Amino acid sequence: MFQYSYKIFSHGEAIVGLCNILITQLQKLAALSSPDILQRYCAVLVDALTFGPVHRRDRRIITDTCRFISSLGKQCSINDLASNDCCVDSEVRARALQLLLVACGSGLSHQFVGKLMDALVLKDRAESSHKTRYYGDSQLHRLKHRVMQSLLVLEPLLDVETAERLVQWLQDSLLMESQQPSVRYQQEWLLTRLLYHHPHLRDRLWDMFQQGRQKRPGSMCSFIAVLYQLACVLIDEEEVFVGRSMREILPCCMAQHFSVRLYAQTTLQKLIALCKAQRLDRVSTEYYIVELSLQASVKHGNAVKNVHKLQEDFYFSAFHPVEHYTLETIFYDLPRLAGVTDEEWISPDLLRSCGVSEMSHIDLVNSNCALKQFAAAAWMPKSSVGAEDDAASTIRLHKNVQKKLVPWHAMIPEQDLASELRQKRQEGLIVVASLIDCLPNLGGLCRTCEGFGVSEYVVGSLKSTEDKQFRSLSVSAEQWIPISEVKPHLLSRYLEVKRKDGYTLVGAEQTANSTRLNDFKFPQKALLLLGNEREGIPPDILPFLDVCVEIPQQGIVRSLNVHVTGALFVWEYMRQQALT
Ligand code: SAH
């Protein structure tokens, strides 16, 4: 099995469904024999728990389409007829999780749990040894995210010695590496739970604070977050610990590092409120002056907005490290709230369909549904490397991020409107680029026309759409817009046919009788002809046009780039149509 499983996992990244066969067979094997047979398949389990490549764009479009169709449920009859492979990779991980839970439920030996944990940590280390930073949703991010999910599932089964090793690894990782938000949330959560279950390790936190101050001030946010979460869980049993936590956090309110200050002020305010609610009067009295100072300091300028955003964030307002310890949080809610791509979200339904039962050491779904009310955090604390970071560099406010639109999410509304849009698209704007020679102009204009929903794009030769100069600018738009070919010498005849079809023939050209674009009213059925980069629209073609329209210019250069011209005309047409 081993010599083949490695090959299967590496080929499985390109061959969809291959690994699903392997993991499903392993599930059958475990079901037929005693689950502790899995102790021989530790490496296979680790590969399956962390399986899944970042697919190429064309594959992702197919997966997105499948996921969208799947989300339509009964609305789409195909969902009743066939399952689609939108979740193939996450199914491998879900089935591996089922095997892990069965093995855990059968009383895994501490040695095996420790061996599994070491294998997961080793996989993370091996992949990130040469990278201290990595991009969101990259292969490395997904691997680290999956390793942390598996470690969170194992956490309650760790013995003292293994727990201590894991605490050390988490401390080093939080100290030395700049993690993506989702990984940081997971590491902080795991550290909180380990310190909660192993009280003798809690004093390690004071050492982490010390090291954070010396080695990487940005890491203090994580240790403050862990301290806060732990103090919230211990609030009614360990007044001494809560008091010590507040003493440790207080100096951070004056730290040089913006996000450390913000975390400290926010968590201290919340802890003081918690102490008052729990009638910890000694602590409340001791911190009364601090409470007044914080209230005064967070009432001005950006502090109001920043502290409010952090306090209202799911992590500090609703998340509970013990109550939310479920598979739903680990595999669905936390990835969703941490801004991880939805390719990584594994819903409870998908877990159930892969054999995960409610009867494991960890609940499947949340009984505390507070997290459902939250969207992805407005704050994504970005770990910084420098000692002195200003506000702009350490906290990335999600005020405005580039959206990756899935076009059909906007294009497939209710059934009747869809057919009307298709009809309208058919009778909309035709852009004729037969006279354009330059392939990048043709490719870029194709992308612009596709992006604005132009009904047809006409080129002088369809072969041009296969050229790499065209495709480097069209970014696959030629796959999504109807394209036809009209050779330049056949243009006049084509224009006559289109006029008979009811199209108004508009030439983009600077002529003696041109109408200004800002004065021109487009009819719904319009054909736009663009001229050649050097010669413009030939004189023998002009008489076939109904009107010439020009874009008024102010500068010295007498004409615009033809792709830019086309884009401005297309935008003006769409703007007028949207208004009508
Ligand atoms: N006639 C131009 C050369 C052609 S520019 C010159 O003498 O410099 C290429 C094409 O871009 C033109 O045929 C026309 O279709 C379009 N174009 C460029 N500038 C334009 C403008 N200000 N108004 C309308 N069309 C323009």
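**Q** Please give an account of helix α10 (residues 181-197) that cites residues and values.
**A** Compared with the 24 Å implied by 1.5 Å per residue over 17 residues, the 24 Å span of α10 between its first and last C-alpha is a close match. The buried fraction of α10 is high, at 15 of 17 residues.

**Q** Give a description of the side chain of threonine 329 that names residues and reports values.
**A** Relative to the elements of secondary structure, threonine 329 occurs in helix α19 (residues 327-337). On the accessibility criterion, threonine 329 (0% relative accessible area) is buried. With residues near it in sequence (within four places) discarded, threonine 329 still touches Trp189, Phe319, His324, Leu334, Pro335, Asn366 and Leu371.

**Q** Go over the confidence of the model for the chain, please, and point to the residues and values.
**A** Model confidence for the chain is summarised by a mean pLDDT of 86, while 89% of its residues fall at 70 or above. Within the chain, strand β8 (residues 526-530) carries the highest mean pLDDT (98), whereas helix α21 (residues 391-394) carries the lowest (39). A low-confidence stretch, residues 406-414 (pLDDT under 50), is modelled with 9 contacts involving residues beyond four sequence positions or located in other chains.

**Q** An account of the nonpolar core is needed here, citing residue identities and associated values.
**A** Grouped together as the largest cluster of nonpolar side chains are 117 residues, with contacts concentrated most on Leu97, Leu100, Leu151, Leu166, Leu205, Met246 and Leu327. A total of 11 residues in this core trace back to one element, the largest contributor, which is helix α12 (residues 220-234). Other than its neighbours up to four places away in sequence, methionine 246 contacts Leu268, Leu271, Ile272, Cys275, Val283 and Tyr287. Within the second largest apolar cluster, 31 residues are counted, among which are Leu442, Val547, Val562 and Met574.

**Q** Break down the pairing of β8 for me, with residues and values.
**A** With 5 of its 5 residues buried, β8 lies for the most part within the structure. Every second residue of β8 is oriented toward a common face, with Ala526, Leu528 and Leu530 on one face and Leu527 and Leu529 on the other, all of them buried. As defined by bridge partners, strand β3 (residues 429-432) adjoins β8 across 4 bridges and the pair is classed as parallel. Each bridged residue has a counterpart across the sheet, and for valine 431 the counterpart in β8 is leucine 528.

**Q** Let's hear about the pattern of salt bridges: which residues, and what values?
**A** For the coordinates displayed, the defined rule picks out 30 salt bridges. Between glutamate 344 and arginine 146 there is a salt bridge, with its nearest N and O atoms 2.6 Å apart. With glutamate 344 in the loop between α19 and α20 (348-353) and arginine 146 in helix α8 (residues 139-154), the pair connects residues that are 198 residues apart, well separated along the chain. Grouping residues by exposure puts glutamate 344 and arginine 146 together as buried. For glutamate 155, the salt bridge identified is with arginine 193, shortest N-O distance 2.9 Å. With glutamate 155 in the loop between α8 and α9 (160-176) and arginine 193 in helix α10, this residue pair connects regions lying 38 residues apart in the sequence.

**Q** If you had to explain the site of the ligand to someone new, which residues and values would you point to?
**A** The environment of the ligand is formed by 19 residues, the closest being Ala508, Ile551, Gln553, Ser559 and Leu560. A distance of 2.8 Å separates an oxygen atom of the ligand from a polar atom in the side chain of serine 559. In the environment of the ligand, a nitrogen atom lies 3.3 Å from a nitrogen or oxygen atom belonging to the side chain of threonine 565. Protein coverage of the free-state accessible area of the ligand, which is 550 Å², stands at 90%. Elements with a minimum of two residues in the shell around the ligand: β9 (547-550) and α27 (562-579). A class-by-class count of the residues in the shell around the ligand yields 7 nonpolar, 7 polar and 5 charged.

**Q** How would you summarise the pairing of strand β4 (residues 456-459) if you had to cite specific residues and measurements?
**A** Residues Glu456 and Val458 line one face of β4 and the alternating positions Tyr457 and Val459 line the opposite face, and both faces are buried. Note that β3 and β4 share 3 bridges and pair parallel. Following the sheet pairing, valine 432 is matched in β4 by valine 458. Across 3 bridges, β4 lies against strand β5 (residues 483-485) in parallel orientation. Residue pairing for β5: valine 458 is matched across the bridge by serine 484. Read from β4 through helix α25 (residues 468-474) to β5, the crossover connection turns out right-handed.

**Q** Tell me what's going on with the packing of helix α24 (residues 439-451) against α27, and back it up with residues and numbers.
**A** The contact between α24 and α27 brings their axes to 9 Å, and the two run at 15°. Between α24 and α27, the interaxial angle falls into the category roughly parallel. Seen from above, α24 lies across α27 with right-handed handedness. Contact with α24, carried on its side by Asn441, Gly444, Leu445, Thr448 and Cys449, involves Val562, His563, Gly566, Ala567 and Val570 of α27 and no other residues of that element.

**Q** Describe unusual backbone geometry, listing the residues and the values that go with them.
**A** For arginine 279, which is not glycine, the phi torsion reads 60° and is therefore positive. Structurally, arginine 279 is set in the loop between α14 (258-277) and α15 (281-286). On the accessibility criterion, arginine 279 (61% relative accessible area) is exposed. Not every positive phi belongs to a glycine, and valine 475 is a case in point at roughly 40°. Among the structural elements, valine 475 can be located in the loop between α25 and β5.

**Q** If you had to explain the environment of tyrosine 457 to someone new, which residues and values would you point to?
**A** With respect to the helices and strands, tyrosine 457 occurs in strand β4. Taking the C-alpha atoms as reference points, tyrosine 457 and serine 484, separated by 27 residues in sequence, lie 6.4 Å from one another. Setting aside anything within four residues of it in sequence, one finds tyrosine 457 in contact with Val431, Ala433, Leu442, Leu445, Cys446, Cys449, Ile481, Pro482, Ile483 and Ser484. Here the side chain of tyrosine 457 touches leucine 442 through a polar contact of 2.8 Å, landing on its backbone oxygen.

**Q** So what's going on with the side chain of histidine 141? Which residues, and what values?
**A** Structurally, the position occupied by histidine 141 is in helix α8. What makes histidine 141 buried here is its relative accessible area of 4%. Within the structure, the side chain of histidine 141 is placed 2.7 Å from the backbone nitrogen of aspartate 137, a separation counted as a polar contact. Polar contacts involving the side chain of histidine 141 include one to the side chain of serine 182, which spans 2.7 Å. Here histidine 141 is in contact with Tyr134, Tyr135, Gly136, Gln180, Ser182, Val183 and Val340, once residues within four sequence places are set aside.

Rules behind the numbers
- Residues numbered from 1 in each chain as written.
- Predicted model: local features only at pLDDT ≥ 70, side-chain atom pairs only at ≥ 80, totals over all residues.
- Heavy atoms only, no water.
- Helix = DSSP H or I, 4+ residues; strand = E, 2+ residues; numbered from the N terminus.
- Expected span 1.5 Å × (residues − 1).
- Buried < 20%, exposed > 50% of the residue type's maximum accessible area, 1.4 Å probe, protein only.
- Contact = heavy atoms within 4.5 Å.
- pLDDT = per-residue confidence, 0-100.
- Core = buried A, V, L, I, M, F, W, Y, C linked by side-chain atoms within 4.5 Å.
- Pairing = 2+ DSSP bridges.
- Salt bridge = Lys/Arg side-chain N within 4 Å of Asp/Glu carboxyl O.
- Near = heavy atom within 4 Å.
- Polar contact = N/O pair within 3.5 Å; in protein donor to acceptor, adjacent residues only side chain to side chain.
- Areas by Shrake-Rupley, 256 points an atom, 1.4 Å probe, with all protein chains shown as cover.
- Nonpolar A, V, L, I, M, F, W, Y, C, P; charged D, E, K, R; others polar.
- Right-handed = clockwise from strand over helix to strand, strands pointing away.
- Axes fitted to C-alpha atoms, helices over the stretch in contact; angles between N-to-C directions.
- Parallel < 35°, antiparallel > 145°, perpendicular 65-115°, else oblique.
- Left-handed = near helix turned anticlockwise from the far one by under 90°.

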